[in-house]
Structure formats: structure tokens, C-alpha cells
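Observations on the model geometry
Residue strings, one per chain:
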2 protein chains.
Amino acid sequence: MSDVYIVGVGMTVFGRFLDTPLKALAGAAITEALEDAGLARDAVEAAFFANTAQGVVEGQHLVAGQIALRDFGFQGIPVTNVENACASASTALNAAVAYVKSGQGDVALAVGAEKMNAAERERSFAIFDGAWDVHDVERTIATLTALGKDLPLPAGAGQNSGMRSVFMDVYAALARFHMHRFGTTQADIAAVSAKNHRHSQHNEKAHYRQPMTVEEVLAAREISWPLTLPMCAPISDGAAAAIVCSGQKARELGLTGRAVRIAATVMATGSDRRPEEFDRHLCRRAADRAYAIAGVGPSDIHVAEVHDASAFAELQQVELLGFCALGEGGRLAREGATTLGGRIPVNVSGGLESRGHPIGATGLAQIYELVAQLRHEAGPRQVEGARLAIAENGGGFHGIEEATACITILQR
Amino acid sequence: MSDVYIVGVGMTVFGRFLDTPLKALAGAAITEALEDAGLARDAVEAAFFANTAQGVVEGQHLVAGQIALRDFGFQGIPVTNVENACASASTALNAAVAYVKSGQGDVALAVGAEKMNAAERERSFAIFDGAWDVHDVERTIATLTALGKDLPLPAGAGQNSGMRSVFMDVYAALARFHMHRFGTTQADIAAVSAKNHRHSQHNEKAHYRQPMTVEEVLAAREISWPLTLPMCAPISDGAAAAIVCSGQKARELGLTGRAVRIAATVMATGSDRRPEEFDRHLCRRAADRAYAIAGVGPSDIHVAEVHDASAFAELQQVELLGFCALGEGGRLAREGATTLGGRIPVNVSGGLESRGHPIGATGLAQIYELVAQLRHEAGPRQVEGARLAIAENGGGFHGIEEATACITILQR
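Sequence order sets the numbering: in each chain, residues are counted from 1 along the sequence as written. The lettering of chains begins at A and the numbering of ligands begins at 1, in the order of writing. Side-chain atom pairs in this predicted model are given and counted only at pLDDT of 80 or more, local residue features only at pLDDT of at least 70, and totals for whole chains, interfaces and linings cover all residues. As a rule here, side-chain values come from all non-hydrogen atoms in the structure, and water together with hydrogens is ignored.

Bringing the overall build of chain A into the picture now. Within chain A one finds 15 helices and 11 strands. Its C-alpha atoms give chain A principal-axis dimensions of roughly 65 × 45 × 40 Å. Burial statistics for chain A: of 412 residues in total, 66% are counted as buried. Whether two residues touch is decided by their heavy atoms; if any such pair falls within 4.5 Å, the residues are in contact. Considering only intrachain contacts with a sequence separation of at least 6, the fraction spanning at least 24 residues in chain A is 78%. The average position of the 36 basic charges and that of the 46 acidic charges among the side chains of chain A differ by 3 Å. A helix here means a DSSP run of H or I that spans at least four residues, while a strand means a run of E at least two residues long, and both kinds are numbered starting from the N terminus. Only protein chains enter the accessibility calculation, which uses a 1.4 Å probe; a residue whose area is less than 20% of its type maximum is buried, one above 50% is exposed, and one in between is partly exposed. Residues scored as positive are Lys and Arg, those scored as negative are Asp and Glu, and His as well as the terminal groups of each chain are ignored. Positions of charges follow a simple convention, taking NZ of Lys, CZ of Arg, CG of Asp or CD of Glu.

This is the structure in C-alpha cells:
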């Protein structure tokens, strides 16, 4: 099977852009990706468009990608709209790679764009209501509540939670299960958050760039115990894009100099497992498969972007990706191993918590960061000597784990 | 590039099923497809799920496919939700083929499921509101109205139009443009509709099975002149599925006996063209490319399923697919060439007008029909000697043509 490369990436600043149309966000990311690749728009033979919220927020569904891209000058090419909740953008990348590998064409665009902020805040939070089975919400909540029940709330907790995404209650329950089982502490989770907020100081495209200490994270407003506000990804607007290209075409066009090879792209959905069977978690299974395809292991990875929609999620993902033993994620953060300069830097971009989380764009924002790292163009946040990188992007919820996950391994 | 085959197909009856959950519809189509292929569920390595309306009708978006398939017993496999308006299901098929051709796996499922009927009828029609640029509706309507203006409405027309999809006004404007330019008559359009309603008598899975004469079609309630009710696809619920398999695996498993080869699957989006430049229509461009890939021409085709969301659409599509010269579509229908037993039978299933049009399932319902035809298992509606078939599936609207189109050529 022929190799496929990322030859260009682009990304808008993430933030709250009430007055910027989705098309403009998508267009800016695509423009940067094309310029980065040194390719004209006409070189793109197919596009895969990730978006999840435009139907809810603006009533635009069905052909969102065609409309966004057509106004930006793309004509005639196949456009596929993909949706996999918060993993939509890495799904678009996976589909773009399949398009190229299938021999349908040599150059494909994957773009994720999301405008989540709405004048009415309720509308933004409503986006998340569709991320699990709408016909089975009560059972889902009951299952998750049961997971968290062995760790009683501390005195005073649960009093101040305001409007929030349903996902934060999910993450809180999973966190309490982990805390009860492994002795993970709220301070460990805060260490993840403080690290990511510290990292994002150096990322000029991050939604937030304010460093925070562990103490500040712990003292912040509670969202759903043990999670406080800075431990949770914000509601962000933004877009990110990548141009993928067959190896043969990249060589023909002389694009291999800054190209990054896609060593593996693996998607998975969940399965029925007991809560304590972490080794059957969909992210573990997808990562194992991706490592096998790429012919590498966790200890070979130099830098990772993982799906820290909450700080707890990162704590668990570093275990599932094999950077430490199961249950050791808290220690890893506490000891600084995942910090820039540490053994295995994680979310050097600031992660979803601080770079921001426009859900349909996040997967490609992770890729944007890792491509910069592998090209050694990440400036003050560069991980020295990075040649192998992994991204983990999760989406939705079913039972006790994400409904879908996508693992991408990049190499240079 | 290795060949890819359809080794199994399934489809529910199409109709109005207010009390049947979407999952049950999807599950029934998948069960039939697996049984048809003689494969167990575990053989499926990836799934591509097409649905457009569940977000609008039920609030389920983001991970609709994962949720529908998981409840039906699928676990662990990659699931991608695709959306391309009324062309979503053929997009899912295209993605499944790319998955297999890319070497990621040998067996993939494409499924389209749609539940459009809602207790409140307004909600069903609201589905269509997202099918064009929601930020540019006025200009779109003005452009289309201008297209139809050269053919004045006859006396009494435009008085009785009730609640309808915005699409029918679009098709009516396009029809009037064609009538003015080529002398096509309302009776020609009615001939298409009468033929399809006649065809569906023999299709036990059709939404409607009542034969109609040209006179009955003309006398029916006006929707948007020149279109009357039986010229328009109904609001339907239903699901359809196909299992695709690499040639090598099909031979290993001994599935080649009833397998149908996918000779081409081509997607396209629209481009800026003048209304009279029919030869630049996206369906013409996609069809030309598909014919070239398959190494065949229009005169080689034995049977076709085309996207007759309105009867006028079929009249135009038979021209764009090259079954007659541009402007001759009316004559073709009038003279019976597209009828079962005619030179090139079109929509022997009854088409969208009479088989029904659950929009996320339609593309795979077309494939279901053509697979039956190529296997010579279509019973009383069998096209004699059919060995080469084409499907045209369109979706959404941008400017003066569909936002997207997908052409599939099948061979046995």
C-alpha cells in the first residue's frame, strides 16, 4: 500500500467569534493549508468536511461542506460531510487518506470547522445533547452515576455547578471511579490542567493563553466535582485543515521536504466491557492497532496530543496510550513527565482545555500541532528531536466510554 | 486497483412508520443484507452510516451511526457518519468502497436509514430547509424564480399549492425553464410519473403501489406548477444497506456467484454555469467520468435508477446520463422508451416518486434494485438480460443545480 503524506496544514485562532461566519473560518484554515503546501486550490481533487453543530446552531445541515467550500471557490470536486461528534475532524482525515489510498485521486483536503458560540448560550450547550443515545438518556446517566458512587462527594461539593455540557458530568463520574480505584487525587487532575494552561502561553492560536498554577485550578469554580472550570474545554469557534497527498505525487511535486508521513490512522467504536477492564477500552484497542500498523510502540513516541475535553480524560488517555501503567496517569502528570521538557510531552498546544475545542475542528487542530512539532517549527513550545507523534481524538458517548475514537500516528 | 463487489443487499419496505424506531429500520436492512451475503455480523470490518434528519426530527446527531449499530450488536469497528443530503446513501457506498480499496479492510457495510415522518408534519418539511445555503436563501429563490419566469403560469395555476418541501418549487422552476426551452409539456412530465407509479405495482417494498394513468397524474392536486402530487416524492421512512467486499475476499469466501461488481462510483459537486449549459451539469460531468472509469457508454446500459425526487428530475437526468439528446427527455418518456420493456428502462422500482424517498436511504435503495436486476431476481419487474446498470443520486441545492451528485455503475 502506497504511503500518504500530510503536505500542508492550516488553522485559525480558536476563540469566541460570534460575528465570523463558519465559511470564513473554514476558508482561512484552508487558505493557510494550501499556502503551507504550496499548492493551488485546483490541485485538490476531493474534500472531506467535518462539522457537527451547524445544524443545531444555524439550521444548516445536509450539505454544509458543499456550501462552505463552494463559496470559497471549490467547484466540481467530490465533497463528503462526515460527522463523528468530537472526533469528526480526525474522521475526515481518515476518509481523506482512504480516498488517496483507494487510488481515486492523489490530493485530498480534510477540513473541520465549528462555530459553537451562539447569542443564546443554551443553544451552545444543546449541541452536546445529541452526543449519546437520545432514546436512552436516563439509563446512560444511571450507569454513569453508579460508576462514581463509591467515592462520596466531599463536603460542599456539588453545590455550585452551573450551566454545563452533559459531558462534564460524564467525565466527573469517570474521574471519581478512577480516583476510588487507583487513589488518583483532584490535585493530580489539576496538575494536568495547570500544565496545559502553562503550555498554551506559547501557542498564538490558543483560545486561552493565561498560565495557571495547580492551586489556581483547584480554587476555580466547580463544574462537576472533581472538575473545576479550567479543567474543562471551553466552547470555542475555529477551523483546522490538512492536505493529504500520495507519496508518488508528493515526490513528483517536490513536496517531500516538509511532508509528514501518516504512519497509521485507526478508528474504533466502543464495546461492552466492565468498567474496570481498562485494557479493553476503545482507545487502548485503537492505539494498539495503530502501533502495530506503524511498527512502533508507546516508548518510541516523542510527543502526543490527546483529547482532554476534561483534564481527567488526558490523565486516563496517557495510560491507554501506554505511556505509563494503568492507574499511573495521575503520577505521570504530578511528576512532570507530560510537561514540555519531560519524558513524553502531552498537549504542548494547550490541549482542548486551553487551545480550545470547536468540536468539529479539534482532531485537525491536534494534527496541526503535531505537524509543526515534527517539522521542528513549533518555536518556544518545540519538543526537541520529535520525529514520531500520536494523536488521540474521541467522540460522543455510549455506555461507559466514548462512542468513537480515532488514533493517528505521524512520522518524519 | 483491485475490484470491489457488492455481496449482499437489504432494504425495508418504505412507508410511513411513526412507531418504528430508526434503529429498527436500520437493523432490518442490515440483517437482510448480511443474510443475503451469507455473512455473520462479525465479518463486517467497518461501517458507513447515512442519515440526514435524525438531528432535526429527534435531536440525535453527532454519533447517530454508532448508536444505531451498537444497539444492533456491532462493537469495536470503525463507524463513520456521512451526510450529503439526498445523496447520503450513495456517499456511504462510495466511502465503503474507498475503505476496501484503500486496503484498510476487506468487508464494509454501507447503510442508509431515515425516519422523516413526525407527528408534527411541519417538522418533516423542516428537514429540507437545511439543503441549501441558509445564509443565502433569498438569492437562491430569486435566481430560481428568474429561471422559470419565461414560461408564464397557466390560468388557475399557483392557487392550490399547500405545505410542501422547498425542493418542489426548485424543481418546478427548473421544469418551466426546460419546457420553455425545449417544448417539454406537463403531459411529458406526467408520463414519467405514471410510468413510475405503474412500475411500483410490482415492487413489494414500495411506499405506493397504486398504478396511475397520465390523466390521473395531471388531474391530481397541484403542488407547484407544473408539478402535481404524484409527480413528487413522498415523505417516507425506511432503510437500505449493502455489503461491499474486496474481490480477493469474495473469491476466498466463495461469494462471487451472486456478487455484483462496482464498475465505478463517482461523486461530484456543482460548478458555476449558465442555465442553458446542460452539458456542464454536475450529473453529466459525473456520469461522463463514471462511464470512462467503467469503460462503457450510455448505450451499453441496460437499466437505470435515477433521482426522481420530482418526475421532472428524471426527465432531465435521462438526458444528462446520455440516454437521449439534451431536450429529448420528454419524448423518451412519452414514447415509452424508459418503461419496463422499453429501450432503456428507468426506475423500474417505482423511483423516488412511488417506491418512496427516505432521503438518507434512497441511494442504497437504488443499489438494492439494480443488484436485484443484475442478478435476474427482480421477478415481474425484471429487465431482460440486464448486465450493466447505472444509478444517479443527487443531493441538496446550490445555485441552479444539485449541490452534490453520485453516479454508480454496476456490472455482472
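Turning next to the environment of H202 of chain B. Residues and elements named next belong to chain B. If you trace the backbone, H202 turns up in the loop between α8 (186-199) and α9 (214-219). A relative accessible area of 31% means that H202 is categorised as partly exposed. Spatially, the C-alpha atoms of H202 and G350 are 8.6 Å apart, while their sequence positions differ by 148 residues. Setting aside anything within four residues of it in sequence, one finds H202 in contact with R209, P380 and R381.

A few words now on the relation of the copies chain B and chain A. Each copy of the sequence occupies a distinct position, and chain B is placed on chain A by a rotation of 180° and an axial shift of 0.0 Å, giving an RMSD of 0.0 Å. What the superposition gives is, in effect, a two-fold axis relating one chain to the other. A symmetric contact is evident, with 100% of the interface residues of chain B recurring at the interface of chain A. The fit set for superposing copies consists of C-alpha atoms from residues with pLDDT of at least 70 in both; the fit itself is least squares.

Our next topic: the UniProt feature "domain: Thiolase C-terminal" (unreviewed entry) in chain A. Per the UniProt record, "domain: Thiolase C-terminal" (unreviewed entry) is found at residues 281-398 of chain A. As annotated, residues 281-398 of chain A comprises 40% helix and 9% strand, and the C-alpha atoms at either end are separated by 12 Å. UniProt positions are given in the numbering used here, feature names are shortened, and annotations may be inferred rather than shown by experiment.

This next bit is on the pattern of salt bridges. Salt bridge, as used here: a side-chain nitrogen of Lys or Arg that lies within 4 Å of a carboxyl oxygen of Asp or Glu. The tally for this structure, following the rule as stated, stands at 38 salt bridges over all chains. The shortest N-O distance in the salt bridge between D71 of chain B and K23 of chain B comes to 3.0 Å. On the criterion of sequence distance, the pair formed by D71 of chain B in the loop between α3 (64-70) and β3 (79-83) and K23 of chain B in helix α1 (residues 22-37) is long-range, its members being 48 residues apart. When the shortest N-O distance is used, the salt bridge between K149 of chain B and D150 of chain B registers 3.6 Å. Taking relative accessible area as the criterion, K149 of chain B reaches 56% and is therefore assigned exposed. Salt bridges here are not isolated pairs; linked through shared partners, they connect D36, R258, R375 and E377 of chain A.

Our focus in this paragraph is the environment of F312 of chain B. Residues and elements named next belong to chain B. With respect to the secondary-structure elements, F312 resides in helix α12 (residues 311-320). A sequence separation of 134 residues divides F312 from H178, and the C-alpha atoms of the two residues are 9.2 Å apart. The residues touching F312, leaving out its near neighbours within four places in the chain, are Y171, L174, A175, H178, I189 and L227.

Time to look at the side chain of S271 of chain A. Within the secondary structure, S271 of chain A sits in the loop between β8 (260-269) and α11 (282-294). Setting aside its immediate chain neighbours within four residues, S271 of chain A contacts R280, R285 and E401 of chain A together with R70 and Q75 of chain B.

This part takes up the interface of chain B and chain A. For an interface, size is often stated in terms of accessible area lost upon the parts coming together. Every contact between the two is made by 56 residues of chain B and, on the other side, 56 residues of chain A. For the pair chain B and chain A, the two sides together bury roughly 4600 Å², of which 49% comes from carbon and sulfur. Joining chain B to chain A, the criterion identifies two salt bridges. Ionic pairing is found between D272 of chain A and R70 of chain B, a salt bridge with its closest N-O pair at 3.1 Å. Within the residue set of the side of chain B that touches chain A, elements represented by two or more residues are α2 (54-58), α3, β3, α4 (88-101), β8 (260-269) and α11 (282-294) of chain B. For the side of chain B that touches chain A, the element with the most residues is β3 of chain B, which contributes five residues. Two parts placed together each lose some accessible area under a 1.4 Å probe, and adding up what both lose gives the buried area.

Take the nonpolar core next. For the purposes of this section, nonpolar cores are sets of buried Ala, Val, Leu, Ile, Met, Phe, Trp, Tyr and Cys residues that join through side-chain atoms within 4.5 Å. Grouped together as the largest cluster of nonpolar side chains are 78 residues, with contacts concentrated most on I6, V244 and L410 of chain A together with I6, V244 and L410 of chain B. Excluding anything up to four places from it in sequence, V244 of chain A contacts V4, Y5, I6, L93, A96, V97, V100, D106, V107, A108 and I262 of chain A.

This brings us to the packing of helix α7 (residues 166-182) of chain B against α12 of chain B. Residues and elements named next belong to chain B. Structural elements are reduced to axes, namely lines fitted to C-alpha atoms, with helices fitted over the stretch in contact, and the angle between N-to-C directions of any two is expressed from 0 to 180 degrees. Relative orientation of the contacting elements α7 and α12 amounts to 55°, with a least axis distance of 9 Å. By the angle between their directions, the pair α7 and α12 is classed as oblique. In the crossing of α7 with α12, the sense of the turn from one axis to the other is left-handed. Across the interface between the two elements, Y171, L174, A175 and H178 from α7 touch F312, A313, L315 and E319 from α12. Tallied by class, the residues present in the contact of α7 with α12 amount to six nonpolar, one polar and one charged. In this scheme, roughly parallel covers angles under 35 degrees and roughly antiparallel covers those over 145, while 65 to 115 is roughly perpendicular and the rest are oblique. Rotating anticlockwise by less than a right angle from the far helix to the near helix defines a left-handed crossing, while the corresponding clockwise rotation defines a right-handed one. Gly falls in the polar group here, along with every residue not listed as nonpolar (Ala, Val, Leu, Ile, Met, Phe, Trp, Tyr, Cys, Pro) or charged (Asp, Glu, Lys, Arg).

Turning our eyes to something else, we now look at helix α6 (residues 137-148) of chain A. Each α-helix winds once per 3.6 residues, and so residues spaced three or four apart point in a common direction. Residue and element names in this part refer to chain A. Under the 1.5 Å per step criterion, the end-to-end length of α6 is 17 Å for 12 residues, consistent within 8% with the ideal 16 Å. Of all the residues in α6, the buried ones are T140, L144, L147 and G148. The buried residues of α6 all sit within an arc of 95° when viewed along its axis, so they share a single face. Facing away from the buried side of α6 by more than 90 degrees, the exposed set consists of E138, R139 and T145. Multiplying 1.5 Å by the helix residue count minus one yields the expected span of that helix. The arc in question is formed by the directions pointing from the helix axis toward the C-beta atoms.

Residue and element names in this part refer to chain A. Here α11 spans 18 Å end to end across 13 residues, near enough to the 18 Å set by a 1.5 Å rise per residue. Listing the buried residues of α11 in full gives L282, C283, R284, A286, A287, A290, Y291 and A294. Buried residues along α11 sit against β8, α12 (311-320), β10 (388-395) and β11 (404-411). At the exit of α11 stands G295, carrying a positive phi of roughly 70°.

Let us look at the pairing of strand β3 (residues 79-83) of chain A. With five of its five residues buried, β3 of chain A lies for the most part within the structure. What you see with β3 of chain A is no split at all: V79, N81 and E83 of chain A on one side and T80 and V82 of chain A on the other are buried throughout. We treat two strands as partners when DSSP finds at least two bridges between them. Across four bridges, strand β2 (residues 46-50) of chain A lies against β3 of chain A in parallel orientation. The partner of F49 of chain A across the bridge, within β3 of chain A, is N81 of chain A. Taken together, the three bridges between β3 of chain A and β3 of chain B define a ladder with antiparallel strand orientation. Bridging from a neighbouring strand, E83 of chain A pairs with N81 of chain B of β3 of chain B.

Turning our attention to unusual backbone geometry. Residues and elements named next belong to chain A. Between W225 and P226 the backbone carries a cis peptide bond, its omega angle lying at 10°. Among the secondary structure elements, P226 is positioned in the loop between β5 (222-224) and β6 (227-228). Unlike most non-glycine residues, H376 shows phi in positive territory, near 60°. Structurally, H376 is set in the loop between α15 (362-374) and β10. Judged by relative accessible area, H376 falls into the partly exposed class, the value being 44%.

The next subject is the pairing of β2 of chain A. Residue and element names in this part refer to chain A. Most of β2 sits out of view: five of its five residues are buried. Burial of β2 is two-sided: the residues A46, F48 and A50 facing one way and the residues A47 and F49 facing the other way are all buried. Where β2 and strand β4 (residues 107-115) come together, five bridges link them in parallel fashion. The partner of A50 across the bridge, within β4, is G112.

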